[in-house]
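Notes for the structure review
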Amino acid sequence: MTQFEMTHQDWWREAVIYQIYPRSFADSGGDGIGDLPGVIGRLDHLELLGVDAVWLSPFYPSPLADFGYDVSDFEDVDPVYGTLADFDELLRRAHERGIRVVVDLIMNHTSAEHPWFAESRSSRTDPKRDWYIWADPGPDGGPPNNWLSAFEKCGPAWTLDAATGQFYLHSFTPGQPDLNWRNPEVRAAMHKVWRFWLDRGVDGFRVDVAHRLLKDAALRDNPVEVAHARRHVTHPEVRQRNLDLPETQDVLRELRSTLDSYGGRFALGEVPISDDRRLAAYFGGDGLNTAFHIAFWEQPWQGSAFREVVDRLAGLARPGALPTYALATHDISRTVTRFGGGDRLRVAAMMLLTLRGVPCVYYGEEIGMADAQPPLDLVLDVDGRDGARVPMQWDATGRGFTCAEMPWLPFADGQSQVNVARQQDDPDSLLSLYRRLIAFRRASAALRSGDYRSLETSDHVFAYLRSAPGERLLVALNFAPHSTSVAVPDLPLEGQVELSTGARSGQTANLRPLHLAPDEGVIVRIEEGP
Ligand code: NOJ
């Protein structure tokens, strides 16, 4: 029996998730590449941080055309990361500590080296030909239509297979052919993959590019207005034909009913759509349980910008639906690189861990790791994302990550200051603040499951009330490097500062108005009125 109550179906609604990029977290084997036993060896860090679940980015066999998002076997572990037995051990040991495990589910495409694709490309009459999306050349002998790969470097979304004279579709690199979800055999094969991991005991899936699974059946060109778009774009009148099709929801519903048949499992969608109206349709209904709030990670460092996107999605989402918030992922630059360091990181952490939604902490964010700038000859990723994927900084020397001479990617600058060993016993460190925020959230019904209402403030402040029966909290975040004040009508004269990114935790704060120091965030407990 594991430590947590397995029958708590909706545990994810109150969870804090931690994203691990396995290649860069901890190397147990000494080859400079992180692995699953390495993660097991660092479970203490996760337990001390207080997270409820880890999401493991792909660890499946992969030729690395897209660093693991090109899977050549959905039911195994790449030897570089360990074995299935290591995975089972990780799951068991994490569960023993009350930490759930979420794995990446890549359903839009396989690797070009997956045996399914090898069969499919072998001849036009192969029984698996229709498992992928094949089409004859266009009239000029070029690609069948105007669809583009999401990656600029890859050009069109089509590659000619000279042997059979047809093009295959790849929404990402040519090494990632798109599966044909209109084919029932593909659906059945992927259902089997879901069950493979669910039977092993995983607690959920992070669903890669969930909005891309279905494409226009007739493979018609994208309308000219959106023909330039590599990813989702918002247009008032026209819709793209290679993504965000209504039929996608059927697949997500199938996934959900499978998850629900197991109980206590959930699906977190990666739906890179910044148009909140479209995004809201993806989660909180009978498909994905939750989805990343994409616009959230596209904002400048301004309180009103964050308020606007948080409120907009909240206003459009289904009743009770919760988005997932992240400050950084393996696809975007880290918080300190985008916004600058110092107290801003503390304010960002407080925002992430006090909003109404599921917070997801990318590894290294809890110590303020920055992007590295690998020299050009070391850039490995097709879309230049290596900088945000460099090894975890456990200590000043790098030995905490690997004993190899060279890790697979260089460490970021500042490792001697920014590392776990240095921060773990320092009560004023960012790591300590993350631990306190997570512990506070866990103990607070208002933060875990309460209502949210934002307040009218100046542009550089983002302030909101979180409330549950018997508990009311005011969160006020100053995004400016100068002091400011927040007028909050209808509140008592004063409140108790439960947590501050500065030095006033435990003090009483005047609320008429509430003063904030430069780059300060506070959580203030407000007594219920008589
Ligand atoms: C989203 C993943 O997060 C990203 O890393 C990958 O390149 C694409 N999906 C394609 O799988």
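The protein goes by Alpha-amylase in an unreviewed UniProt entry, where it is assigned to Nonomuraea cavernae. According to its UniProt record, the protein has this under Sequence similarities (unreviewed entry): "Belongs to the glycosyl hydrolase 13 family."

1. Topic: the UniProt feature "domain: Glycosyl hydrolase family 13 catalytic" (unreviewed entry) in the protein
With numbering matched to this structure, UniProt assigns "domain: Glycosyl hydrolase family 13 catalytic" (unreviewed entry) to residues 19–389. What you have in residues 19–389 is 27% helix and 11% strand, and the ends, taken at the C-alpha atoms, are 11 Å apart.

2. Details of the packing of aromatic side chains
What the rule picks out here adds up to 33 aromatic pairs. Centroid distance Phe306 to Phe339: 6.2 Å. Interplanar angle 75°. Geometry classified as edge-to-face. Of this pair, Phe306 sits in helix 8 (residues 303–316) while Phe339 sits in helix 9 (residues 335–339), and the two are 33 residues apart along the sequence. Assessed through its relative accessible area of 7%, Phe339 is described here as buried. Each member of the aromatic cluster is reached from another via a ring pair, and the members are Phe296, Trp301, Phe306, Tyr325, Phe339 and Phe479. Arg42 extends its terminal NZ or CZ atom over the ring of Trp394, reaching a point 3.9 Å from the ring centre. Geometry around Trp134 places Arg129 over its ring, the cationic atom sitting 3.6 Å from the centre.

3. Topic: the site of the ligand
As a structural note, the neighbourhood of the ligand is formed by 14 residues, with Asp66, Arg206, Asp208, His330 and Asp331 the closest of them. Contact between the ligand and His109: an oxygen atom at 3.1 Å from a side-chain N or O atom of the residue. A distance of 2.8 Å is found between an oxygen atom of the ligand and a side-chain nitrogen or oxygen belonging to His330. For the ligand, whose unbound accessible area comes to 290 Å², protein coverage reaches 97%. Considered class by class, the residues forming the shell around the ligand number four nonpolar, three polar and seven charged.

4. Focus: the pairing of strand 14 (residues 471–478)
Burial analysis of strand 14 places eight of its eight residues in the buried class, which makes it a mostly covered element. Here strand 14 shows two buried faces, one formed by Glu471, Leu473, Val475 and Leu477 and the other by Arg472, Leu474, Ala476 and Asn478. One ladder, built from eight bridges, connects strand 13 (residues 461–468) with strand 14; its direction is antiparallel. By the bridge assignment, Ala468 is partnered in strand 14 with Glu471.

Parameters at a glance
Residues numbered from 1 in each chain as written. Predicted model: local features only at pLDDT ≥ 70, side-chain atom pairs only at ≥ 80, totals over all residues. Heavy atoms only, no water. UniProt positions renumbered as here; feature names shortened; annotations may be inferred. Helix = DSSP H or I, 4+ residues; strand = E, 2+ residues; numbered from the N terminus. Phe/Tyr/Trp six-rings, centres within 6.5 Å; stacked < 30°, edge-to-face > 60°. Buried < 20%, exposed > 50% of the residue type's maximum accessible area, 1.4 Å probe, protein only. Lys NZ or Arg CZ within 6 Å of the ring centre and 35° of its normal. Near = heavy atom within 4 Å. Polar contact = N/O pair within 3.5 Å; in protein donor to acceptor, adjacent residues only side chain to side chain. Areas by Shrake-Rupley, 256 points an atom, 1.4 Å probe, with all protein chains shown as cover. Nonpolar A, V, L, I, M, F, W, Y, C, P; charged D, E, K, R; others polar. Pairing = 2+ DSSP bridges.

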